[in-house]
Amino acid sequence: MIKRSAISAAILSIFGTSIALATTIKGQVTSESGKPVSGAEVRIEGSKQVTFTDAKGNYVFDDVGVPHVHLHVYSADFVHGDNDLGDVDSNQTVNFVLAPVSVENIVVTASVLGSSVLESVTPVSVIDENQLRKIQAETLGETLKNTPGVHSTYFGPVSSSPVIRGNDGPRVKIVQNSLNVSDVSRIGPDHNVAANSTSATQVEVLRGPATLQYGSGAIGGVVNVVDNRIPKQVPAAMEGDIEASYASVNNGKFGRFNVNGGQNNLAFHVDGFKRKTDTADIPGFASIEPDDDEQPGTLENSQMDTTNITAGLSLVDDQGYFGFAIEKLDNLYGVPGHSHHHDEHGEEHEGEHDDDHAEHDDHAEGEDGTRLDVDMTRYQAAGEWYSPIAGISTLKLAAAYTDYEHVELEGDEVGTRFSNQGSDIRITAQHKDINAWHGVFGLQYTSSDYIAEGEEAYTPPTESQSAALFLVEQKKFGSVLLELGGRLERTTYDADAIDFELDAIELEHDGHHDEHDEHDEHDEHALNFDFDEYAFTSSSLSAGLNWQYMPGYSVAFTLSRSERAPSQQELFSAGQHLATQTFEVGLVFDMDDEGEVSESLRSVEKEVSNNLDLTFRKFSGDSGYTVSLFYNQVDDYIYQSATNLAALSEHGHGEEEHEEEHDEAMLDDDHENEHDEEGTPVYYFNQDDATIYGIEAEAFVDLNLNWRVTMFGDYIRAKIDSDNLPRIPPLRLGSSISYEGVALSSELSVVWYDEQTDTTEFESATEGYTLVNASIDYRLSDKQDWSVYLRANNLLDEEARVHTSFLKEQAPLPGRNVTVGTRLRF
């Protein structure tokens, strides 16, 4: 019996396992043309044994110590190969013949089975490290927005989240290394995603329902930011990179570093970045209908100052690894359209200055509007144990605890404080093949303790918990890969009692209230709601296949049924959301057409979505394409609807002393007075059956070894009965031509957005626009991987307003921007 490591010794004493005699396995990896494939990774499933093929395509494993041998061969330029040898007790020679591909075939870590892009039965996009460095933006949403099927919520250049197939917020799960980021970005679009891609090795976008592995919050899709904060291997030498850049559009300064190293059984990782920008330049006015005193050319309150550092340490041996990482994020940014104009009308912000955020006081001078000061500490652990017991090839543990807080600052005073303490624990076990079925079963537990205090605390403090079991299985039948899966999940919410008062008036068709409406006739009083525990049991089932019907061509089809529990925002919203300039009323409240809220609560149903996905792929030769069609029929779809009501703030009808202090300012700003009198539009969360369908496509043609032309496009329709869902992205088409040489690479791209006129009631249409971007990278030295680059965005300086943004009428995209930078890898 071979000697076991310290990591596994304790557990082996409990379970025990049988060990095969040490054997040797060797072979050769070649292409279909008979040429050797060098540099291919050959791995034995359920062990740490990994090797790479030499120049002749040969590989060898000595002293194989696992009883059941399943070989996997990975190369980004070929279709992956595998061979399950079963129980092995003698030396083996195993050769592989791989089919070449014209697209990079990357392993998707968000898939529990470790499928590659071309093996996936569902649509998936993977942006690798090199591409990420080229498209890097200040926010995750803006970084990914040119991925087919992905748009951005764009709340100015300081905050945006990905929109997948028209879904955002609680329908799109943002995870880091497959664990929930546990920020409050799902609560409001002005809350930036805490996960960043500056040091990511790749970002994976799963389009469509991914509830099997990630729960009901992933019914619209998943974005997984993958980095190396917890190393899985000890590098042979110190490695990493450093980068610095400057952007003209906002005087943006950015620098980052990334270091990996180790010795013996210890591996470490450290990365960090610093970004500081001023307000962004824009073409024309920020507002569609600017005030007389609004100045053109600048998007006010769009500055940011971000610092992030992450460090991790791992213990690695032949039986697995275990590691731990800590991340610290400090982010101060302004929020366009979320300014304190209301201060001029007597809104007085309660709350004392927070000592925890005192270090940012100096930035407050000369800055108008609301600023968000984010402070987050994230602890993450991960480990793998190979062949722990008979029948299990790999046991994985991943856990994260996030302590997140941000305060909304009005000058030096705290207007609203949001905090969330979230935990996410995943345990998965990959079993050895059973009658050629290859699968994973797992357990996931998440918890959240969310608190909002202050002026914009429109949701009550809520404790939520979720526990789930899931199973995913695969089996190959010749050229067909079949995948089946299921998940059972229990979600509970325990919300604090609240006093809810809605003082509403009815608007006329032009959006203004009736001047003859006698507001004083309404007898308004606060209602007290004491919530019982809300509990939802959600189940999801999926069946899919990937058929390579001829060499280099495949078709994938998935049929799934997904259930989603409502989010806390959808359930309990009860107040003014200043960021979106709306007054939100949650699902649990029973409100009539005149804005009267009943003292009793109404019942709430979970969403049930039946989904079809059909994907065609070509991945050989000098061209390739991926075309995905999807259709979702959703019962009890949760959405926000306009009500033709406006909520009058209590501050607009009192605080006489404060109003006298600002009497002169009020007289000089008739427009703002009128807005205050009109109140805040009331939006009500409702449920109805919805139909969502569309197409996403991406294709390329290699003109020769250096030049490539790429095209992409997407189109989405989303309807409830005879009406449209709000903020659905318009038709989009894009194309680029790129050159890839030994030292020089460049790209020119054009993306056209159609006008969006398929709007819902009280939603305005959005004009189309065209964005032209270009980039050049040059490698300075053959001996060192040192390069310089030049990026140009929105070359035509076009005014572009994003239909998926709540701020489309107040915040256009930045104007022409030129970024220069340098990067050194070692």
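Treat the numbers as computed from the prediction; the structure is a model and nothing was measured.

Thresholds applied
- Residue indices begin from 1 for each chain and proceed along its sequence in written order.
- For this predicted model, a pLDDT threshold of at least 70 governs which residues receive local features, and a threshold of 80 or more governs which side-chain atom pairs are given and counted, while totals over whole chains, interfaces and linings are taken from all residues.
- Heavy atoms from the whole structure form the basis of all side-chain values; hydrogens and water molecules are not counted.
- Strands qualify as paired when DSSP identifies two bridges or more between them.
- Here a strand is any run of E in DSSP of at least two residues, a helix any run of H or I of at least four, and the numbering for each starts at the N terminus.
- Burial classification: accessible surface area is computed with a 1.4 Å probe over protein chains only, and a residue below 20% of its type maximum counts as buried, one above 50% as exposed, and the rest as partly exposed.
- What counts as an axis is a line fitted to C-alpha atoms, over the stretch in contact for a helix, and the angles between N-to-C directions run from 0 to 180 degrees.
- Centres within 6.5 Å are what make two rings of Phe, Tyr or Trp a pair, Trp counting through its six-membered ring; a difference in plane orientation under 30 degrees is then read as stacked, over 60 as edge-to-face, and the rest as tilted.
- A positively charged side chain is recorded as over a ring if its NZ (Lys) or CZ (Arg) lies within 6 Å of the ring centre. The angle to the ring normal must also be within 35 degrees.
- N or O atoms closer than or at 3.5 Å make up a polar contact, with two conditions inside protein: a donor-capable atom paired with an acceptor-capable one, and, for residues adjacent in sequence, both atoms drawn from side chains.
- Contact criterion: two residues are considered in contact whenever any of their non-hydrogen atoms come within 4.5 Å of each other.
- Each patch groups residues whose relative accessible area exceeds 30% and which form no salt bridge, using 9 Å between like charges and 5 Å between nonpolar side chains of Val, Leu, Ile, Met, Phe, Trp and Tyr.
- Throughout, the Shrake-Rupley method with a 1.4 Å probe supplies accessible areas, and for residues the shown protein chains are the sole cover considered.
- Counted as salt bridges are all cases of a side-chain nitrogen of Lys or Arg within 4 Å of a carboxyl oxygen of Asp or Glu.
- Neither His nor the chain termini are counted; the positive set is Lys and Arg, and the negative set is Asp and Glu.
- Where a charge lies is defined by one atom per residue type, namely NZ (Lys), CZ (Arg), CG (Asp) and CD (Glu).

**Quick word on the pairing of strand β21 (residues 304–317)**
Then step 1. Across 12 bridges, the pairing between strand β18 (residues 266–277) and β21 is antiparallel. Residue pairing across strands places His269 opposite Gly312, the latter belonging to β21.
Then step 2. Of the pairings in the sheet, the one linking β21 to strand β22 (residues 320–334) comprises 14 bridges and is antiparallel in character. Counted as the bridge partner of Gly312 is Ala325 from β22.
Then step 3. Counted along the chain from β21 to the antiparallel partner β22, the turn is two residues long.

**Details of unusual backbone geometry**
In terms of backbone geometry, most residues other than glycine have negative phi values and most peptide bonds are trans.
Then step 1. For Ser182, which is not glycine, the phi torsion reads 60° and is therefore positive.
Then step 2. Relative to the assigned elements, Ser182 resides in the loop between β13 (179–180) and β14 (202–207).
Then step 3. With a phi close to 65°, Asn644 is a non-glycine residue in the positive phi region.
Then step 4. Examined against the element boundaries, Asn644 turns out to sit in strand β39 (residues 623–647).
Then step 5. Under the relative-accessibility criterion, Asn644 is labelled buried at 18%.

**Some remarks on the sheet that holds strand β5 (residues 68–74)**
Then step 1. The strand order β3-β2-β5-β6 describes an open sheet built from four strands, whose pairing is antiparallel. If you trace the sheet from one side to the other, it starts and ends with β3 (50–52) and β6 (81–87), each paired once. Averaged over all adjacent pairs, the angle separating strand axes in this sheet is 15°, with direction ignored.
Then step 2. Of the strand pairs in this sheet, strand β2 (residues 41–44) and β5 are connected by four bridges, and their pairing is antiparallel. Directly across from Glu41, in β5, lies its bridge partner Tyr74.

**Regarding the packing of aromatic side chains**
Then step 1. As enumerated under the stated definition, the model contains 19 aromatic pairs in all.
Then step 2. Relative to Tyr450, the ring of Phe418 lies with its centre 6.4 Å away and its plane at 40°, an arrangement referred to as tilted. Residue Phe418 is found in strand β25 (residues 413–434), and its partner Tyr450 is found in strand β26 (residues 437–454); the two are separated by 32 residues along the sequence.
Then step 3. Judged by its relative accessible area of 1%, Tyr450 falls in the buried class.
Then step 4. The side chain of Arg426 reaches across the aromatic face of Tyr214, ending 5.0 Å from its centre.
Then step 5. Between Arg708 and the ring centre of Phe700, over which it is positioned, the NZ or CZ distance is 3.8 Å.

**Digging into the pairing of strand β17 (residues 252–263)**
Then step 1. As defined by bridge partners, strand β16 (residues 239–247) adjoins β17 across nine bridges and the pair is classed as antiparallel. For Tyr246, the partnering residue across the bridge sits in β17 and is Lys253.
Then step 2. Note: β17 against β18, 11 bridges, orientation antiparallel. Considered in β18, the bridge of Asn258 is made with Asp271.
Then step 3. What sits between β17 and β18 in their antiparallel hairpin is a turn of two residues, with Asn264 showing a positive phi close to 55°.

**Brief notes about the side chain of Thr804**
Then step 1. Mapping Thr804 onto the fold places it in the loop between β46 (785–793) and β47 (817–825).
Then step 2. Polar contacts involving the side chain of Thr804 include one to the main-chain carbonyl oxygen of Ser152, which spans 2.5 Å.
Then step 3. Thr804 has contacts with Ser152, Thr153, Arg727, Ile728 and Pro729, leaving out every residue within four places of it along the chain.

**Some points on a negative patch on the surface**
Then step 1. Judged by side-chain charge, Glu463, Asp494, Asp496, Asp530, Asp532 and Glu533 come together as a negatively charged surface patch.
Then step 2. Locating Asp530 in the fold gives a position in the loop between β31 (527–529) and β32 (534–550).
Then step 3. Asp530 sits in the exposed class, given a relative accessible area of 60%.

**Brief notes about the pattern of salt bridges**
Then step 1. The final tally for this structure, using the stated rule, is 30 salt bridges.
Then step 2. The partner of Glu327 in a salt bridge is Arg229, with the nearest N and O atoms 3.1 Å apart. Of this pair, Glu327 sits in strand β22 while Arg229 sits in the loop between β15 (221–226) and β16, placing them 98 residues apart in sequence.
Then step 3. In this structure, Arg256 and Asp241 form a salt bridge, with 2.4 Å as the shortest nitrogen-oxygen distance. With Arg256 in strand β17 and Asp241 in strand β16, this pair connects stretches of sequence that are 15 residues apart.
Then step 4. Residue Arg256 is classed as buried on the basis of its relative accessible area of 5%.
Then step 5. It is possible to trace a salt-bridge network through shared partners that takes in Arg165, Arg207, Asp613 and Glu696.

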